[in-house]
Amino acid sequence: MSSRRTVVAPCIFAGTMLAVLSFAFPALAKDLPVKSAKTMPELIKASSPADWRALNPESTLYLELEKGRVVIELAPDFAPQHAANIKTLIREGYFDGLAIVRSQENYVVQWADPDEKRELKTAKKNLEPEFTVPYSSQLPFTRLPDADGYAPQVGHANGFAAGRDPKMGKAWLAHCYASVGVARGNESNSGSGTSLYVVTGHAPRQLDRNITVVGRVMQGMELLTTLPRGTGALGFYEKPEQRTPIVAMKVAADVPEAERSKLEIIRTESATFKAIVAAQRNRGGEWYKVPAGYIDLCNVPLPVRQQKN
């Protein structure tokens with residue numbers, strides 16, 4: 001797949017009751033006080049172990065760069081075929097020694113085979129798109145109370161920002177900051193995971209349901225957002241020496257346990273997460289003078305921390 005098959009060019013809680021009411025009954029919440037009594041850090045500090053889940057090593061990827069590790073969690077509930085193919089590519093060493101070929105201001109960082117010569121072994125070259133999946137009541141979905149311009153309903157599914165349309169019976173992952181997607185050409189089935197990108201700028205939600213989103217970065221975004229911007233069209237690097245080499249890419253399950261990044265993420269179906277959302281919608285304290293009473297999907301924090309023993 002061409003490395004230039006890219007994403008489209010640019011171009012915590014005024015009491016428990018308030019948190020619950022704000023989330024489940026937004027219309028009723030309008031009549032409630034808007035300033036939050038607790039902050040997100042306070043809610044996280046008071047959280048219980050049951051509010052967190054450890055990353056599954058079989059669905060966690062390590063992008064190893066000379067300056068450190070980028071940890072990515074795949075979302076097989078939303079892109080099972082692409083997630084499986086990416087793991088096959090990694091286990092066959094496809095990405096080892098390749099490079100980051102693109103860094104576009106306020107948009108994406110992308111890695112691929114810059115010479116477009118690396119052969120595939122058993123991994124697939126093309127896959128049918130997984131822009132959406134069938135909406136299922138079995139897929140946990142914590143809905144946001146606020147309206148969204150890109151989806152009838154938005155919220156979070158097992159730690160990922162998502163949209164859904166109950167009438168059409170479809171759900172999908174959203175292009176928020178740190179989302180990982182599969183680059184493609186004009187043909188919907190022209191991507192397979194050989195070229196991946198991470199959103200490093202303002203959320204390009206117009207890409208939702210147009211590109212397969214396979215996961216998001218859980219740690220190491222600073223290694224990507226600080227890369228020099230590419231000087232070519234769409235932020236591609238024009239000279240080989242401008243590119244950032246990929247030391248290796250690995251599935252966490254294949255890495256000795258002592259060498260793994262032990263991370264855990266807040267459970268987005270938990271009461272603590274709902275309180276965090278309510279707090280962020282209605283930020284109080286001495287600094288905020290006008291609480292917004294609203295939050296955008298991609299502004300909802302998804303706390304990640306070192307796993308507690």
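Everything numeric here is computed off the predicted structure, so don't read it as measured data. (Residues numbered from 1 in each chain as written. Predicted model: local features only at pLDDT ≥ 70, side-chain atom pairs only at ≥ 80, totals over all residues. Heavy atoms only, no water.)

Novice: How should the environment of Ser 59 be read in this particular structure?
Specialist: Along the chain, the position of Ser 59 falls in the loop between strand 1 (52–54) and strand 2 (60–65). Along the backbone, Ser 59 and Gly 215 are 156 residues apart, and their C-alpha atoms lie at a distance of 9.4 Å. Discounting residues that sit within four places of it in the chain, Ser 59 has contacts with Ile 72, Glu 73, Leu 74 and Pro 76. (Helix = DSSP H or I, 4+ residues; strand = E, 2+ residues; numbered from the N terminus. Contact = heavy atoms within 4.5 Å.)

Novice: What's the story with the sheet that holds strand 15 (residues 263–266) in this structure? I'm lost.
Specialist: Whether parallel or antiparallel, the strands of a sheet pair through hydrogen bonds between backbone atoms. What the three strands build is an open sheet, ordered 1-15-16; its pairing is antiparallel. Of all the strands in the sheet, the pair left with one neighbour each is strand 1 and strand 16 (304–306). Each adjacent strand pair in this sheet contributes to an overall mean axis angle of 35°, direction not counted. Note that strand 15 and strand 16 share three bridges and pair antiparallel. Residue pairing across strands places Ile 265 opposite Val 304, the latter belonging to strand 16. (Pairing = 2+ DSSP bridges. Axes fitted to C-alpha atoms, helices over the stretch in contact; angles between N-to-C directions.)

Novice: Is there a simple way to think about the packing of aromatic side chains in this case?
Specialist: Two numbers describe a pair of aromatic rings. These are the distance of the centres and the angle of the planes. Under the counting rule described, the total for this entry stands at two aromatic pairs. When the ring of Trp 287 is compared with that of Tyr 288, the centres are 4.8 Å apart and the planes differ by 80°; the resulting orientation is edge-to-face. According to the relative accessible area criterion, Trp 287 is exposed, its value standing at 69%. Sitting over the ring of Tyr 62, Arg 69 keeps its end group 3.9 Å from the ring centre. (Phe/Tyr/Trp six-rings, centres within 6.5 Å; stacked < 30°, edge-to-face > 60°. Buried < 20%, exposed > 50% of the residue type's maximum accessible area, 1.4 Å probe, protein only. Lys NZ or Arg CZ within 6 Å of the ring centre and 35° of its normal.)

Novice: What is the right way to look at the state of the cysteines in this model?
Specialist: As used here, a disulfide is simply a covalent bond connecting the sulfur atoms of two cysteines. Applying the stated rule across the entire model yields one disulfide. Two residues, Cys 176 and Cys 298, share a disulfide whose sulfurs are 2.0 Å apart. Measuring the twist about the S-S bond at about -75°, one finds the Cys 176-Cys 298 disulfide to be left-handed. Taken together, the residues Cys 176 in the loop between strand 10 (170–173) and strand 11 (179–182) and Cys 298 in the loop between helix 6 (271–281) and strand 16 connect sequence positions 122 residues apart. No difference in accessibility class separates Cys 176 from Cys 298, as the two residues are buried. (Disulfide = S-S within 2.5 Å.)

Novice: Looking at this model, I keep getting lost on the sheet that holds strand 7 (residues 142–143). Mind explaining?
Specialist: Pairing within the open sheet is antiparallel, and its five strands lie in the order 6-10-9-8-7. Across the chains shown, the open sheet's two edge strands, defined by having one partner strand only, are strand 6 (133–134) and strand 7. As paired elements, strand 9 (residues 160–165) and strand 10 share four bridges and run antiparallel to each other. Bridge assignment links Asp 165 to a residue of strand 10, and that residue is Lys 170.

Novice: Before we go on, may I ask you to explain the pairing of strand 8 (residues 153–157) in this structure?
Specialist: Within a regular beta strand, the side chains point alternately toward one face of the sheet and then the other, so they alternate between its two faces. In terms of burial, strand 8 is largely enclosed, as five of its five residues are buried. Alternating positions in strand 8 separate into two faces, Gln 153, Gly 155 and Ala 157 on one and Val 154 and His 156 on the other, with burial throughout. As defined by bridge partners, strand 8 adjoins strand 9 across five bridges and the pair is classed as antiparallel. Counted as the bridge partner of Gly 155 is Ala 162 from strand 9. Once strand 8 ends, the chain turns through two residues before running back antiparallel as strand 9, passing Asn 158 with a positive phi of about 55°.

Treat this as a map of the structure, not an account of what it does.
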